[in-house]
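# Fold and contact review
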Amino acid sequence: MTPDLSVIIPVYNEAKRFGPHLKSILKYLNKNYPSFELIVVDDGSNDMTAEIIRREKIVKLISYTPNRGKGYAIRTGVAVAKGKLILFMDADLSTPLTEIPKIIKVLGNNDIVIGSRGSGDNVKKNAPLFRRLASFVFDQIKFFMVGLRRFKDTQCGFKIFKGDIAQKLFSQAKIDRFMFDVEILYLAEKSGLKIVELPVTWADVPGSHVRFWEGIINMFRDLWRIRQIHS
């Protein structure tokens, strides 16, 4: 039977942060979306992440080594997802589960809805100053290299797609790490899809795996690849 909703969560060494959330995620989905599947993609963890997830038999666990990156993990999850709608979200629940009904409602006749962290009342805890500065620099470089200027936030880890749309876009994607969001939106814009940006509740959660200088180098490389591959 085709589930109404597929939820994909990528994890990497998240035993401490994700482990405590797993039961509450399943409880919420069971109560509000009985026709669901939860796909957790373990992106090469070397802690107890996979062992913790295996305890919940209802979860579809995909586990592999070595670490390949968030984009690769989500692409792997989408490839096996069966849902009429496909949502991916971050393991730390920086955007809470209670935002799911809102993003599904807005999807409606659109093809994609992307969460936006924005500012003000929706942000319960800001990211550190250096990360906000890095995001500003990234946005300017991104606008110059691939466009997407109409979106305030391409990197929020809370996005939903019509199932067939997700399958098509992710099957074309090549970027394995953090610029995968930009690639997906770049492909969606080129295809003329209906994309809505929705402000969502968000709070910074310590423990990010992003490394500043490594991230800058990878950003330039991947934005250049997006232009070369998909132009």
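Notes on the structure follow.

Parameters at a glance
- Residues numbered from 1 in each chain as written.
- Predicted model: local features only at pLDDT ≥ 70, side-chain atom pairs only at ≥ 80, totals over all residues.
- Heavy atoms only, no water.
- Helix = DSSP H or I, 4+ residues; strand = E, 2+ residues; numbered from the N terminus.
- Buried < 20%, exposed > 50% of the residue type's maximum accessible area, 1.4 Å probe, protein only.
- Areas by Shrake-Rupley, 256 points an atom, 1.4 Å probe, with all protein chains shown as cover.
- Right-handed = clockwise from strand over helix to strand, strands pointing away.
- Pairing = 2+ DSSP bridges.
- Phe/Tyr/Trp six-rings, centres within 6.5 Å; stacked < 30°, edge-to-face > 60°.
- Lys NZ or Arg CZ within 6 Å of the ring centre and 35° of its normal.
- Axes fitted to C-alpha atoms, helices over the stretch in contact; angles between N-to-C directions.
- Contact = heavy atoms within 4.5 Å.
- 1 Å grid on protein atoms, 1.4 Å probe; cavity = no way out; pocket = protein on both sides within 12 Å on 5 of 7 lines; lining within 4 Å.
- Points joined across faces, edges and corners; volume = space filled by probe spheres on them.
- Nonpolar A, V, L, I, M, F, W, Y, C, P; charged D, E, K, R; others polar.
- Parallel < 35°, antiparallel > 145°, perpendicular 65-115°, else oblique.
- Left-handed = near helix turned anticlockwise from the far one by under 90°.

Let us now look at the overall build of the protein chain. Per the secondary structure count, the protein chain includes eight helices and nine strands. For the protein chain, buried positions account for 53% of its 231 residues. As displayed, the protein chain offers around 11500 Å² of accessible surface, 56% of which is attributable to carbon and sulfur atoms.

This part takes up the pairing of strand β1 (residues 5-11). Buried residues dominate β1, accounting for seven of its seven residues. As a crossover connection, the stretch from β1 through helix α1 (residues 15-32) into strand β2 (residues 36-43) is right-handed. Bridge count between β1 and strand β4 (residues 85-89): four bridges; the pairing is parallel. Bridging from a neighbouring strand, Ser6 pairs with Ile86 of β4.

Attention now moves to the packing of aromatic side chains. Inspection of every chain in the model, using the stated rule, returns five aromatic pairs. Ring centres of Phe161 and Phe170 lie 5.6 Å apart, and the angle between their planes is 75°; this geometry places the pair in the edge-to-face category. Comparing Phe161 with Phe170 shows no difference in burial state: the two are buried. Feature note: the residues Phe88, Phe161, Phe170 and Phe180 constitute an aromatic cluster, connected by ring pairs. A cation sits over an aromatic face here: Arg68 above Tyr72, 4.0 Å from the ring centre.

Here we come to the sheet that holds β2. The seven strands are arranged β3-β2-β1-β4-β7-β5-β8 in an open sheet whose pairing can be described as mixed. On the outer flanks of this sheet lie β3 (60-64) and β8 (195-199), each paired with one strand and no other. Taking the axes of each pair of neighbouring strands and ignoring which way they run, one obtains an average angle of 15° across the sheet. Where α1 meets the sheet, it contacts β1 and β2, and its direction lies at approximately 160° from that of β2. Running over the sheet, helix α7 (residues 180-190) touches β4, β5 (112-116), β7 (158-162) and β8 and is turned about 135° from β8.

Turning to the environment of Phe88, a few remarks are in order. Mapped onto the elements, Phe88 comes out in strand β4. The sequence separation of Phe88 and Gly77 amounts to 11 residues, and the corresponding C-alpha distance is 9.1 Å. Excluding residues that lie within four positions of it along the chain, Phe88 makes contacts with Ile8, Ile74, Gly157, Phe158, Lys159, Phe161, Phe170, Phe180 and Asp181.

The element helix α3 (residues 70-80) is extensively covered by neighbouring structure, given that eight of its 11 residues are classed as buried. Among all positions in α3, only Lys70, Gly71, Ala73, Ile74, Arg75, Thr76, Gly77 and Val78 are buried. The secondary structure elements touched by the buried residues of α3 are β1, β2, β3, β4, α6 (163-172) and α7.

Within this structure, the stated rule accounts for one cavity of 30 Å³ or more. Of the voids in this model, the largest cavity is the one considered here, and its volume is about 40 Å³. What lines the largest cavity is Met89, Asp90, Leu93, Ser94, Thr95, Cys156, Gly157, Phe158 and Trp202. Tallied by class, the residues present in the lining of the largest cavity amount to five nonpolar, three polar and one charged.

All right, on to α7 then. Most of α7 is tucked away: nine of the 11 residues are buried. Along α7, the residues classified as buried are Phe180, Asp181, Val182, Glu183, Ile184, Leu185, Tyr186, Leu187 and Ala188. Immediately beyond the C-terminal end of α7, within one or two residues, lies Gly192, with a positive phi of roughly 70°.

This part is about the packing of α3 against α6. Axes are the key here: two packed helices are described by the angle between their axes and the distance separating the axes. Two elements in contact, α3 and α6, have axes whose closest approach is 9 Å; the angle formed by their N-to-C orientations is 135°. One element, α3, and the other, α6, form an angle in the oblique class. Considering the relative orientation of α3 and α6, their crossing is left-handed. Contact residues: α3 offers Ile74, Arg75, Val78 and Ala79, while α6 offers Ala166, Gln167 and Phe170. Residues belonging to the contact of α3 with α6 are distributed by class as follows: five nonpolar, one polar and one charged.

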